[in-house]
Every structure is written in C-alpha cells, then in structure tokens.
Amino acid sequence: MANLPHNNFSQDTLALHAGYHYDSQRTMSVPIYQSTAYSFESLAQAAARFGLKELGNIYTRLSNPTTDVLGARLAAVEGGVFGVPTASGTAAIFYAIVNCAQAGDNIVYANKIYGGTQTLFVHTLKRFNIEARVFDIDNIEASLESAIDSNTKAIFFESISNPQISIADTELITRIAKKHKIISICDNTVATAFLHKPFAYGVDISVHSLSKYVNGQGSALGGAIIERAGLNELIKNNPRYPAFNTPDESYHGLIYADLPLPIFSIRILTEWLRNVGATLSPHSAWILLQGLETLELRIKRHSSSALKIAEFLESHPKVKSVSYPALSSNPYKKLLTKYYTDAQASGLISFEAKSFEDAQHICNSTHIFAMVVNIGDSKSLIIHPASTTHSQLSTQELQSAGITPCTVRLSIGLESADDLINDLKQALG
Ligand SMILES: *Cc1c(COP(=O)(O)O)cnc(C)c1O
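Residues numbered from 1 in each chain as written. Predicted model: local features only at pLDDT ≥ 70, side-chain atom pairs only at ≥ 80, totals over all residues. Heavy atoms only, no water.

Under an unreviewed UniProt entry, the name given to the chain is Aminotransferase class I/II-fold pyridoxal phosphate-dependent enzyme, and the organism recorded is Helicobacter jaachi. Check the Cofactor (unreviewed entry) section of the UniProt entry for the chain; it says "pyridoxal 5'-phosphate". (UniProt positions renumbered as here; feature names shortened; annotations may be inferred.)

Draft legend 1. Representation of the environment of alanine 224 within the structure. Locating alanine 224 in the fold gives a position in strand β7 (residues 223–227). Considering only alpha carbons, one finds alanine 224 and serine 206, 18 residues apart in sequence, at a separation of 8.1 Å. (Helix = DSSP H or I, 4+ residues; strand = E, 2+ residues; numbered from the N terminus.)

Draft legend 2. Here's a closer look at helix α6 (residues 140–147). Burial in α6 covers these residues: Ile140, Ser143, Leu144 and Ala147. When α6 is viewed along its axis, its buried side chains cluster within an angular range of 95° and face the same direction. When the buried face of α6 is taken as reference, the exposed residues oriented beyond 90 degrees from it are Glu141, Ala142 and Ser146. Against the buried residues of α6 lie β2 (106–110), β3 (131–135), β4 (152–158) and α7 (170–179). (Buried < 20%, exposed > 50% of the residue type's maximum accessible area, 1.4 Å probe, protein only. Arc of directions from axis to C-beta. Contact = heavy atoms within 4.5 Å.)

Draft legend 3. Geometry of the site of the ligand. Surveying the vicinity of the ligand reveals 14 residues, the closest of which are Thr90, Asp187, Ser209, Ser211 and Lys212. Measuring from an oxygen atom of the ligand, one finds a side-chain N or O atom of threonine 90 at 2.7 Å. Separating an oxygen atom of the ligand from a side-chain N or O atom of asparagine 162 is a distance of 2.9 Å. Here the element with the most residues in the shell around the ligand is helix α4 (residues 89–98); it accounts for three residues. Along the lines of polarity and charge, the residues of the shell around the ligand split into three nonpolar, eight polar and three charged. (Near = heavy atom within 4 Å. Polar contact = N/O pair within 3.5 Å; in protein donor to acceptor, adjacent residues only side chain to side chain. Nonpolar A, V, L, I, M, F, W, Y, C, P; charged D, E, K, R; others polar.)

Draft legend 4. Spotlight on the pattern of salt bridges. Applying the stated criterion across every chain, the model contains 13 salt bridges. With a closest N to O distance of 2.8 Å, arginine 49 and glutamate 54 form a salt bridge. Assessed through its relative accessible area of 29%, glutamate 54 is described here as partly exposed. The partner of arginine 228 in a salt bridge is aspartate 204, and the shortest N-O contact between them spans 2.7 Å. Linking arginine 228 in the loop between β7 and α9 (231–235) with aspartate 204 in the loop between α8 (192–195) and β6 (205–209), this pair joins segments that are 24 residues apart in sequence. Looking at arginine 228, the relative accessible area reads 18%, which means it is buried. For aspartate 204, a relative accessible area of 2% puts it in the buried group. (Salt bridge = Lys/Arg side-chain N within 4 Å of Asp/Glu carboxyl O.)

Draft legend 5. Representation of the domain arrangement of the chain. Taken as a whole, the chain is organised into domain 1 (11–283) and domain 2 (296–428). Using C-alpha coordinates to define each centre, domain 1 is positioned 28 Å away from domain 2. Residue-level contacts link 40 residues of domain 1 with 39 residues of domain 2. In total, domain 1 and domain 2 occlude about 3200 Å² of area from one another, counting both sides; carbon and sulfur atoms represent 56% of this. In this assembly, domain 1 and domain 2 are joined by one salt bridge. For glutamate 171, the salt bridge identified is with lysine 338, shortest N-O distance 3.0 Å. There are 17 residue pairs in polar contact (both at pLDDT 80 or more) connecting domain 1 and domain 2. When contributions to the side of domain 1 that touches domain 2 are tallied by element, the ones reaching two or more residues are α5 (115–127), α7 and α8. The element best represented in the side of domain 1 that touches domain 2 is α5, accounting for five residues. (Domains from an automatic or database assignment. Buried area = accessible area lost by both parts, 1.4 Å probe.)

Draft legend 6. Just the environment of histidine 123, in detail. As for its placement among the helices and strands, histidine 123 is situated in helix α5. Residues histidine 123 and leucine 62, 61 residues apart in the sequence, show an inter-C-alpha distance of 28 Å.

Draft legend 7. Structural context of the packing of helix α12 (residues 282–314) against helix α16 (residues 417–428). α16 packs onto α12 with a crossing angle of 30° between their chain directions and a minimal axis gap of 10 Å. In terms of orientation, α12 and α16 fall into the roughly parallel class. Note on packing geometry: the crossing formed by α12 with α16 is right-handed. Every residue of α16 that contacts α12 at Ser305, Lys308, Ile309, Phe312 and Leu313 is listed here: Ala417, Leu420, Ile421, Leu424, Lys425 and Leu428. Counted by class, the contact of α12 with α16 contains eight nonpolar, one polar and two charged residues. (Axes fitted to C-alpha atoms, helices over the stretch in contact; angles between N-to-C directions. Parallel < 35°, antiparallel > 145°, perpendicular 65-115°, else oblique. Left-handed = near helix turned anticlockwise from the far one by under 90°.)

Draft legend 8. Region of interest: the side chain of aspartate 105. For aspartate 105, the position within the fold is in the loop between α4 and β2. What makes aspartate 105 buried here is its relative accessible area of 8%. Separated by 2.8 Å, the side chain of aspartate 105 and the backbone nitrogen of glutamine 102 make a polar contact. Separated by 3.2 Å, the side chains of aspartate 105 and lysine 153 make a polar contact.

Here you go:
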C-alpha cells in the first residue's frame, strides 16, 4: 500500500508516474499483480496486518499492488491524500455514502445527478433506512441549509451533472457543509481532475466513475473514492460520525479517529471492501491506468469538439435549445469560467428537440453517433434519457432532474468534429 502521492509535480506528469515504484524487474508498464492473496513472512506479521498495526497486503479484496498504484495516481492527480479504487462508480458512491451515514440518518443530494445515483439514493438507501433529501443545485442558498438537521451525514453533488450538464457552485456548497461540519462528496466523473479540482474548493471526498473519461474507450468499469488532506480533523470528535469515534468491534475495539492515517479511506478498505467486496480487479486497474496516461490530452479534445458541435446545434432550426456550459448563451458560463481549467466543459451536450418524435428520430438516424447508455468513450454516443437512463423516474422526478421527453444527450468522442456535425445535420433532417 505505497499509496503516497508526490505533490511537487504537475497533474500531467503525475498521471504518468505517481504511485509506481519499480519492482525488481523495473517494468515500465505497471505490472498486473494477478494474485488473490499474499504470503506473510511470519505469523507475527500476519497478526500485525490483521490488527492494522502494520499496513500491508493480506487479500486482494482489501488491497492489491496494481490497484494501489491506480488509487495513488488518481489521488495525486486530483490533489488528494488517498484514493481507493472500487469495482464501479456506483460502488464508490454507495461506499462513500455508507461510510458517513447509517440507519436513521439522512443525506442531502443535488436534484440534478446521474439517474443511477438518484435511484440508489431514493430507492436503495431507503431499504437501509437512510433518508435521501434533495436540494436544488440552481438555488443552493434557499434549499440546502433548510434540508440539513443533526442527522445529516453527507452532502452529495456532481460538479458537472450528467445528463443535464449543470455546473455546481462548489464553494457555495462546501461553505455550508463546513458550517455544519458535514462531509461533502463531489462526483467529478464528467469534469475529471483535469478540468475541475474539487479539493481546491473545499470538497472533502471526490468520487468517480472511471468507466467514463478515465478509461476513455468504453472497455472497463471502475470507480474511485478520493480523500482530501486533513479530513481527519473534521471527523475526529464530530458527533455526526460515531462510527469513526467509537470502538469498532470487528477490529478488537479499534477507534478509527485515533489512527495516524487517512481514516475515511482506511475505513472504506477495512469495512466496505473487506465486508461487502466490490473490489476492482487488478486487470481492470491496469486498463484504467492506460487511460489515465492520456486523459489530459483527450479531455481537451472532447471539450473543443463539443463546443464546435454545441454552436452548430444552437444555430439549427430544428433544435429548441442546447445545454453546454461553454456556450456564451449558457447560464453556467460564469461558474465554468470560475471553476474550470480554461473554461473547458468536457464532452457532454444535451439539447431539446422540438418534439418527442423528433428526439426519437434523431437518435435513430445517426451513423457515427452510436445509441449507447455511456459517456466518455473515444467514439461518439447518443441517447434519449427519458426512455433509458431516467426511465425509472416518475414524471415529477424527471422534471426535478431537468429532463423532458424531448431531451437528447450526446457524448462527443474523438472523431473529426466536422464529420460529427455532418452526421447530426443529416439526422436532424
Ligand atoms: C456512469 C456514472 C456513474 C456510475 O458509474 P459506473 O461506473 O457506471 O457504476 C456515476 N456518476 C456519474 C456522473 C456517471 O456518469
């Protein structure tokens, strides 16, 4: 678990080097440690590792050298202190939430988020007796503070929301979170660490689906939970977080808050990966490391092509409106300029067709854009959220999530922007 980021280098350098120390073979590619378990040198060492007195590998459900490089590298690139990869973005979000909240507690989440996360919060958390309360990402001051009470354990939002493409006012949210000493969790999947740095604006935990831009080719699932420096101080002796401040019976009465380690992350490993087990495979970790190496270059190209395409759509008579934060007409342009590298807005665009039928027709008529419920692929994708990703939501939930039957979402790939514009032109008819 040599999970220490090197903070002196720029993000692009860290994405290629952080977290990897040559093994005896000095391989340039991070080795895939395809092993389920590890041999202890002695029974004393085994006992020390089980008691968390010595950090080290025990079993791959908890840690693995290949996966550890990915976690360390992601943390370094985002400016955090520790990164824990998980089997998917969904697992990362679930673990981050249940690391804060237990039965009888509540969390507060932004109305505009990924459909799967919304379903997890509203339906699945309810079965665990964790209440999910919503706040309005476009009206934070009026809606966030009033949703908070003494049982509120986390505030969750997406930096760029998928699929509505709204931009969160990160500092405004984290100021309220800090005032109430509540852990803030930002899903930074769409922006990536190269466009938005949540920790620089007061976020405590960032979560990612690595299945999207980090992978970049639609070839592996993965997630990550990344912890900011100094989070222990917020958690220690904080009555909101008894699980960190009272003895853990499953670890011989260990009190997490007493450990000289990033305790949020350590408890993700020792409680959630150990006992629930949505661990990333070493092979997938290696695939995701390949993607991370080129992420900076790719996210720039996704962003510049998306801006060209958004401008084209905005000028098209069959398009009612376009949501892309880098457009000068977009209400989020100011927040984008404040919080995002060179005001780049990633590769997601959503637009409103003139009718439900038109939206369906467009989705059925593209040649390059593939009809796929994914984002962040090098290939361009198109989807109709109301029929697919958001079909589980009620009409009211859809409205609150900012989706209509006419919404079409695009994920702009790395093809020629001109070819993509021509493809949309013919599909719009
Ligand atoms: C895809 C996605 C998720 C879920 O990630 P998986 O890796 O598919 O489980 C969570 N949040 C956002 C913003 C996403 O786009």
